[in-house]
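Observations on the three-dimensional arrangement
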Amino acid sequence: MSAYIQKSILPFFFIFLYGSGFIFTQYGLDNSSPMVFLGIRFFVAFWILLIIAYILKVPIPKSKKEFFQIAFAGSLTVGTFSIGVFLSISYGVSGALNALIIALQPIVVTFLAQRFLDEKINKRVYLGLIIGFIGVSFVVVSKLDTSFDSIVGIFCSVIALLGLSFGSLYQKKYCTDMNLYSGGAIQTLSSTILVIPFLFFEEIHITWNGEFIIALFYMAVGVSIGALSLLYIMIKKGEVSKVSSIFYLVPVSATIVSYFLLGDKIEFSEIIGIITIIIGIILINKREGIK
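The helix and strand tally for the chain stands at 12 helices and 0 strands. Tracing the chain from N to C terminus, the helices and strands come up as α-α-α-α-α-α-α-α-α-α-α-α. Across the 291 residues of the chain, 53% fall into the buried class. Excluding contacts between residues fewer than 6 apart, the proportion of contacts in the chain whose partners are at least 24 apart in sequence is 91%. Carbon and sulfur atoms form 70% of the exposed surface of the chain, whose accessible area is close to 13,800 Å².

Put into structure tokens, the structure is as follows:
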């Protein structure tokens, strides 16, 4: 895989798929209770990946240790993250604001990667992280709501953020050789199992209409398979702290998609925030600079 594709094409598609996923989640939750939607999404993705693995004759890990490590990484990166986001949106936190909270992941991952993966972080990367955080803050302020439901929802978003952050680190340390199809099947299955206990705490309902099916298909194929596969490829090929920096652009994608699909207005503070985030990303990924 060429350096250009790794550094430019993969991040672009990941940002688009992941960011727009927050918006399609809102479509799905308009027609279903959150854990039902999430469980069906994971189960559909599991069967698609399993069929692909069977057709391509991709072996399932035989080592119990490897199987557990893949399942555990998926339970964090896929399961915990998605459960937190879906619950947050069900409490009224917008998809765009969720994307903004998850965009704090680069800061969390960078400090954890320095401690647990011995990645060396120079001053330029720290400066880029700070600038990116300032950019995210500009957009968060314009969307913040202090109601009780919103606070509970934001707490769920933070849980999602931690699941994604620790899951990315665990994936980098123990699962870099994971096959995307057989490993993806294991991770979506483990995430399906993780959702089941939450079904007992919600009022289950589902409306099978065109809007729901489109949202389900997009989230199962576009995000659970497409976006996560791209993320794992980037984690395998690069430093997890730099890979995580592209999450600063996820709210940019979510904001733009919500403008076209939901009619949400883009405030001036959001434009300033987006420009600031891009400057931070450039600093983090620049080869030469401040040492």
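Back to the text.
Another aspect to go through is the side chain of Ser-88. Note on placement: Ser-88 falls in helix 3 (residues 64–90). Beyond its immediate sequence surroundings of up to four residues, Ser-88 is in contact with Val-93, Asn-98, Gly-153, Ile-154, Cys-156 and Ser-157.

Another aspect to go through is the packing of aromatic side chains. Across all of its chains, the model carries 11 aromatic pairs by this definition. Measuring from centroid to centroid gives 5.4 Å for Phe-37 and Phe-86, while their planes differ by 40 degrees, and the two rings are tilted. Taken together, the positions of Phe-37 in helix 2 (residues 34–55) and Phe-86 in helix 3 put the pair 49 residues apart, joining distant regions of the chain. A residue is classified by how much of its surface remains accessible, and Phe-86, at 1% relative accessible area, is buried. With 5.9 Å between their ring centres and 15 degrees between their planes, Phe-68 and Phe-72 make a pair best called stacked. You can see Phe-68 and its partner Phe-72 sitting in helix 3, 4 residues apart, about one turn around the helix. Here Phe-68 falls in the exposed class, since its relative accessible area comes to 52%. Taking relative accessible area as the criterion, Phe-72 reaches 35% and is therefore assigned partly exposed. Site record: aromatic cluster; members linked through ring pairs are Phe-37, Phe-86, Trp-208 and Phe-212.

Contact pair helix 2 / helix 9 (residues 210–237): the axes reach a minimum separation of 9 Å and the direction vectors enclose 55 degrees. Overall, the two elements helix 2 and helix 9 adopt an arrangement that is oblique. As for how helix 2 packs across helix 9, the hand of that crossing is right-handed. Touching Phe-37, Ile-40, Arg-41, Phe-42, Val-44, Ala-45, Ile-48 and Leu-49 of helix 2 are Phe-212, Ala-215, Leu-216, Met-219, Ala-220, Val-221, Val-223, Ser-224 and Ile-225, all from helix 9. Class assignment of the residues belonging to the contact of helix 2 with helix 9 gives a composition of 15 nonpolar, 1 polar and 1 charged.

A few words now on helix 2. Given 3.6 residues per turn, any residue in an α-helix points the same way as the ones three and four places further on. Given a rise of 1.5 Å per residue, 22 residues ought to cover 32 Å, and the 32 Å separating the end C-alpha atoms of helix 2 matches this to within 8%. For helix 2, every residue scored as buried is listed here: Pro-34, Met-35, Val-36, Phe-37, Leu-38, Gly-39, Arg-41, Phe-42, Ala-45, Phe-46, Leu-49 and Ala-53.

What follows deals with helix 8 (residues 180–195). Taking 1.5 Å as the rise per residue, helix 8 with 16 residues should run 22 Å; its terminal C-alpha atoms sit 22 Å apart, in good agreement. Burial in helix 8 covers these residues: Ser-182, Gly-183, Gly-184, Ala-185, Ile-186, Gln-187, Thr-188, Ser-190, Ser-191, Thr-192 and Val-195. Those residues of helix 8 that are buried lie in contact with helix 2, helix 3, helix 7 (148–174) and helix 9.

Quick notes on the rules
- Residues numbered from 1 in each chain as written.
- Predicted model: local features only at pLDDT ≥ 70, side-chain atom pairs only at ≥ 80, totals over all residues.
- Heavy atoms only, no water.
- Helix = DSSP H or I, 4+ residues; strand = E, 2+ residues; numbered from the N terminus.
- Buried < 20%, exposed > 50% of the residue type's maximum accessible area, 1.4 Å probe, protein only.
- Contact = heavy atoms within 4.5 Å.
- Areas by Shrake-Rupley, 256 points an atom, 1.4 Å probe, with all protein chains shown as cover.
- Phe/Tyr/Trp six-rings, centres within 6.5 Å; stacked < 30°, edge-to-face > 60°.
- Axes fitted to C-alpha atoms, helices over the stretch in contact; angles between N-to-C directions.
- Parallel < 35°, antiparallel > 145°, perpendicular 65-115°, else oblique.
- Left-handed = near helix turned anticlockwise from the far one by under 90°.
- Nonpolar A, V, L, I, M, F, W, Y, C, P; charged D, E, K, R; others polar.
- Expected span 1.5 Å × (residues − 1).

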